[in-house]
Each structure stands twice: as structure tokens, then as C-alpha cells.
Amino acid sequence: MRVSEIMKEQFIVDFCGFSCAVDGILGPATKKALERLEKALSSNDKLVSDRYRLVTDNVLGTLNSWIGLGAFSLIAYSEGGGRAYYDMECAMGCIPSPQSGITIGLGFDCGYESPEKLRRYWGNKLKPSVIDVLAKSHGKYGESAAKFLAKLSLLIPYETACIVLAQQMNDMVPDVIQWITGGKSDMPNITNEQFGVLLSLLYNRGFSVAGDRRREMRQIQSDLRSGKTKDVGKHLRSMKRLWEGLGGLQRRREAEARLWDDEEANKG
């Protein structure tokens, strides 16, 4: 079973309520979660069936063809920590670090994102009064942002968060193409899953390649523009040097590299 397919199935299982990490490894925990999902679907469990239709049709089914489903699954899981963690820690908005603003959905930081973008993605999902407070929190981080969050009565279902994330990823496609090619017409020989890996990286870290902390990103960009794709996984793993003690980001880079290398090995 390909890494991309495992990731997609892991995300579907987790979305449906059977906790499962999206890492591309078909281990005992994933197999057990898959069995539980299959049992629930075969018994016509309405909640699980409704969630299954939502994730396959309204989330994965709406993605731009550039974006691999496995890679998107990794992005969604990494941004929210899985359904159970999202429901417990993120659904009412959060401030993940002192450098963060109010973060809603899966990684949408109102401190950094413009009020225009806030209204674009969330204007038809949240009450106007909530949007107004979130817009005023733009440029506010840590304790300053917390004062705005305290004014809100906010609950964003996981389904809504995933749908908005899919919209964001679709809209990022042209910018990712520009980052890869530098405006030239030729794309390197990469699969849609590998494109999704780059989308994951850039959504997480931004598009800058300046400075020592971004030397691997420069190497990745340079390799892609030279048509070299085999070393990207190695560069992703090298990037883990930046997050000693921060297991979540290290696991994300490792999973991205695992997916990239699997796609590279299976290119026709």
C-alpha cells in the first residue's frame, strides 16, 4: 500500500471519529482503526456515515487536482492534531504560542492573516459580530490577542475547519507553482502528492528562503528549478535540526519526507 493511500485512509478514519495519526505507516493502531471504521459503516452508523460522506465529498472531493489527497491529509492532521485534539483544544479558537494571534480552524492565524482574507474564508461561516472581533485582533499576539479571544463565544466544527482548509489549499496552488518555477513555464517532474508535500511545507513555514534557518528550503527550491527531485526528502529530514524538542514539527517533516521518497521511488 502506497504511503499516500495510507495517509488518506488514516485521515478519513480519524475524521470519522476513530483516533489515528496520519504518518503513512500501516501499523497495528492504523489497522485497528480501519477495522473499527469498516464495522461502523457496515452497521449503518449514521454519525460515522455522515462524517464519511463529508470527508470524501466535501473535503477531499473539492481539492484542486494539483494537490495529492495523501499530502492534504497530512496537512490537515498536522495543523489540527487530529479530530480529538482539535475538538478539545482548537474548536473554540486558541493562541498556540506567545508569538501567535487568535488561531481558528486549522492554522488560520488572525494575528497574521489580513481582515480581508478572514472575511473571504470565514465570512459565511461565522457571525458578523465574531468576524468583527477577529478582524480587530489583526496584529495582536499572545496576551494582547487573548483579550480579544475572551470576548468571543466561538465554536468551529472540525468539518468546517477542514472545508475551509481545502479552500485555502486550492487558492495557494498558483503561489506554490511560482515558488517552484520562479515564473518559468517548465515544472519539474513531480507527482501531485509531491506538490502537496511542498504545499505542506510552505503553508507551515511560509515562502521565504532567506537566512540560515531556511537553507534547506533554498536547496529544495534550487533542486526543483534544476529538475532534480531525488534529494528533496533528504532536505526535509535535515530541516528537523530546527525543532529540537518539538516533536510535532519533526514528525511532520519526517512524514513529508516519507511521502516524497515513496512517490520518487514509484515514478513510472
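That block above? That's the structure.
Everything numeric here is computed off the predicted structure, so don't read it as measured data.

1. Observations regarding the packing of aromatic side chains
Thought 1: Tallying each qualifying case throughout the model produces eight aromatic pairs.
Thought 2: An angle of 75° between the planes, with centres 6.2 Å apart, marks the rings of Phe 108 and Trp 122 as edge-to-face. Here Trp 122 lies in helix α6 (residues 115-122) and Phe 108 lies in strand β2 (residues 108-109), a separation of 14 residues in the sequence.
Thought 3: Of the residues examined, Phe 108 reaches a relative accessible area of 0% and is grouped as buried.
Thought 4: The class of Trp 122 is buried, set by a relative accessible area of 0%.
Thought 5: With a centroid separation of 4.7 Å and an interplanar angle of 35°, the aromatic rings of Tyr 112 and Tyr 141 are classed as tilted. With a gap of 29 residues between them, Tyr 112 in the loop between β2 and α6 and Tyr 141 in the loop between α7 (128-136) and α8 (142-149) connect regions that are remote in the sequence.
Thought 6: Its relative accessible area of 31% is what places Tyr 141 among the partly exposed residues.
Thought 7: The rings of Phe 11, Phe 15, Phe 72, Tyr 86 and Tyr 158 are connected pair by pair, giving a single aromatic cluster.
Thought 8: Over the face of the ring belonging to Phe 15 we find Arg 83, whose NZ or CZ atom lies 5.3 Å from the ring centre.

2. Observations regarding helix α5 (residues 83-90)
Thought 1: Looking only at α5, the buried set comprises Arg 83, Tyr 86 and Cys 90. Relative to the axis of α5, the buried residues are bounded by an arc of 85° and lie together on one face.
Thought 2: Next to the buried residues of α5 lie α1 (3-15), α3 (46-59), α4 (69-80) and α9 (158-181).

3. Comments concerning unusual backbone geometry
Thought 1: You will see that Asn 44, though not glycine, has its phi angle at about 60°, which is positive.
Thought 2: Along the chain, Asn 44 falls in the loop between α2 (28-42) and α3.

4. What to know about the side chain of Glu 193
Thought 1: Within the secondary structure layout, Glu 193 lies in helix α10 (residues 192-205).
Thought 2: Despite being buried, Glu 193 has no salt bridge partner; Arg 2 is the closest side chain of opposite charge, sitting 7.8 Å away.
Thought 3: A polar atom in the side chain of Glu 193 sits 3.2 Å from the backbone nitrogen of Leu 69.
Thought 4: The contacts of Glu 193, once residues within four sequence positions are left out, are Ser 4, Gly 68, Leu 69, Gly 70, Ala 71, Leu 259 and Glu 263.

5. Some remarks on the environment of Arg 251
Thought 1: Counting through the fold element by element, Arg 251 comes out in helix α13 (residues 247-265).
Thought 2: With a relative accessible area of 60%, Arg 251 lands in the exposed category.
Thought 3: Between the C-alpha atom of Arg 251 and that of Arg 237, which follows or precedes it by 14 residues, the distance is 9.6 Å.

Parameters and conventions
Residues numbered from 1 in each chain as written. Predicted model: local features only at pLDDT ≥ 70, side-chain atom pairs only at ≥ 80, totals over all residues. Heavy atoms only, no water. Phe/Tyr/Trp six-rings, centres within 6.5 Å; stacked < 30°, edge-to-face > 60°. Helix = DSSP H or I, 4+ residues; strand = E, 2+ residues; numbered from the N terminus. Buried < 20%, exposed > 50% of the residue type's maximum accessible area, 1.4 Å probe, protein only. Lys NZ or Arg CZ within 6 Å of the ring centre and 35° of its normal. Arc of directions from axis to C-beta. Contact = heavy atoms within 4.5 Å. Lys, Arg positive; Asp, Glu negative; His and termini not counted. Salt bridge = Lys/Arg side-chain N within 4 Å of Asp/Glu carboxyl O. Polar contact = N/O pair within 3.5 Å; in protein donor to acceptor, adjacent residues only side chain to side chain.

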